[in-house]
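Chain residues, written in single-letter form:
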Amino acid sequence: MKSFTEYLWFHVKTKKAFINITPQIEELVEKSGVSQGLCLVNAMHITASVFINDDESGLHKDMDKWLEGLAPHEPVSSYKHNVGEDNADAHLKRSVMGRDVVVAITEGKLDFGPWEQIFYGEFDGQRKKRVLVKIIGE
Ligand code: ZN
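All values derive from a computational prediction rather than experimental measurement.

### Here we look at the packing of helix 2 (residues 57–70) against helix 3 (residues 88–97)
No. 1: Where helix 2 meets helix 3, the axes come as close as 10 Å, and the angle between the chain directions of the two elements is 125°. Compared by their axis directions, helix 2 and helix 3 come out oblique. The handedness of the crossing between helix 2 and helix 3 is right-handed. From helix 2, Met63, Trp66, Leu67, Glu68 and Leu70 reach across to helix 3, where they touch Lys93, Val96 and Met97.
No. 2: Residues that form the contact of helix 2 with helix 3 fall into these classes: six nonpolar, no polar and two charged.

Shown next, in the form of structure tokens:
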């Protein structure tokens, strides 16, 4: 069995962002040489997510609005976590959007359903964060 590990770094200039990282993951699957297997992609920070959905800008605006409704950033004093920091909402958004995804690799390609794309979700940006990519198979 082959095993391949790589880390992607992100330094998002804004507080929040959804970034389509599918092309980078496809590159790594190719580099791994795995033809049949599994690809795990996970955010290594507790205020960022990796998730799968449609790359459609209206949907991204809807998601952002929905998340702000669930966990508004302001007022920061409304969160018990916000002692010396102001990112409680980002932890909650991360919990809702998830930590990781696993995608099957079939014949050397990510085996997606219709319109599926992999996203990095940033909820407390303006700092460096890592994403782990682990590919196993043969
Ligand atoms: Zn925090």
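### Some remarks on the pattern of salt bridges
No. 1: Across all of its chains, the model carries 10 salt bridges by this definition.
No. 2: Residues Glu68 and Lys16 are paired through a salt bridge, measuring 2.8 Å at the closest nitrogen-oxygen approach. Linking Glu68 in helix 2 with Lys16 in the loop between strand 1 (2–11) and strand 2 (17–20), this pair joins segments that are 52 residues apart in sequence.
No. 3: Given a relative accessible area of 22%, Glu68 falls into the partly exposed group.
No. 4: Classification of Lys16 by relative accessible area gives partly exposed; the value is 29%.
No. 5: Across the pair Lys93 and Glu68 runs a salt bridge whose closest N-O atoms are separated by 2.6 Å. Remark: Glu68 occurs in helix 2 and Lys93 occurs in helix 3; sequence separation between them is 25 residues.

### Some remarks on the pairing of strand 5 (residues 100–106)
No. 1: Covered by surrounding structure in strand 5 are Val101, Val103 and Ile105 only, the residues Asp100, Val102, Ala104 and Thr106 on the alternate face being uncovered.
No. 2: Relative to strand 5, strand 3 (residues 37–43) is paired through six bridges, and the arrangement is antiparallel. Considered in strand 5, the bridge of Leu38 is made with Ala104.
No. 3: In this structure, strand 5 lies alongside strand 6 (residues 109–110), joined through two bridges in antiparallel fashion. Looking at the pairing, Thr106 lines up with Lys109 of strand 6.
No. 4: The antiparallel hairpin formed by strand 5 and strand 6 contains two residues in its connecting segment, where Glu107 sits at a positive phi of about 50°.

Here is what the cut-offs are and how they apply
Here the residue numbers are simple positions, counted from 1 along each chain's written sequence. Side-chain atom pairs in this predicted model are given and counted only at pLDDT of 80 or more, local residue features only at pLDDT of at least 70, and totals for whole chains, interfaces and linings cover all residues. Side-chain numbers come from the whole structure's heavy atoms, not from hydrogens or water. Whenever a helix is involved, its axis is fitted only over the stretch in contact; in every case the axis is a line through C-alpha atoms, and angles between N-to-C directions fall within 0 to 180 degrees. Here a strand is any run of E in DSSP of at least two residues, a helix any run of H or I of at least four, and the numbering for each starts at the N terminus. Geometric relationships in this document are graded by angle, where less than 35 degrees denotes roughly parallel, more than 145 denotes roughly antiparallel, 65 to 115 denotes roughly perpendicular, and other angles denote oblique. Less than a right angle of anticlockwise turn of the near helix away from the far helix marks a crossing as left-handed, whereas a clockwise turn marks it as right-handed. The criterion used for residue contact is that any of the two residues' heavy atoms lie within 4.5 Å. Here the nonpolar group is Ala, Val, Leu, Ile, Met, Phe, Trp, Tyr, Cys and Pro; Asp, Glu, Lys and Arg are the charged ones; every other residue, Gly included, is treated as polar. Only one rule defines a salt bridge in this text: a Lys or Arg side-chain nitrogen within 4 Å of an Asp or Glu carboxyl oxygen. To sort residues, take the accessible area from a 1.4 Å probe on protein chains only and compare it with the maximum for the residue type: under 20% means buried, over 50% means exposed, and anything in between is partly exposed. At least two DSSP bridges between two strands are required for those strands to pair.

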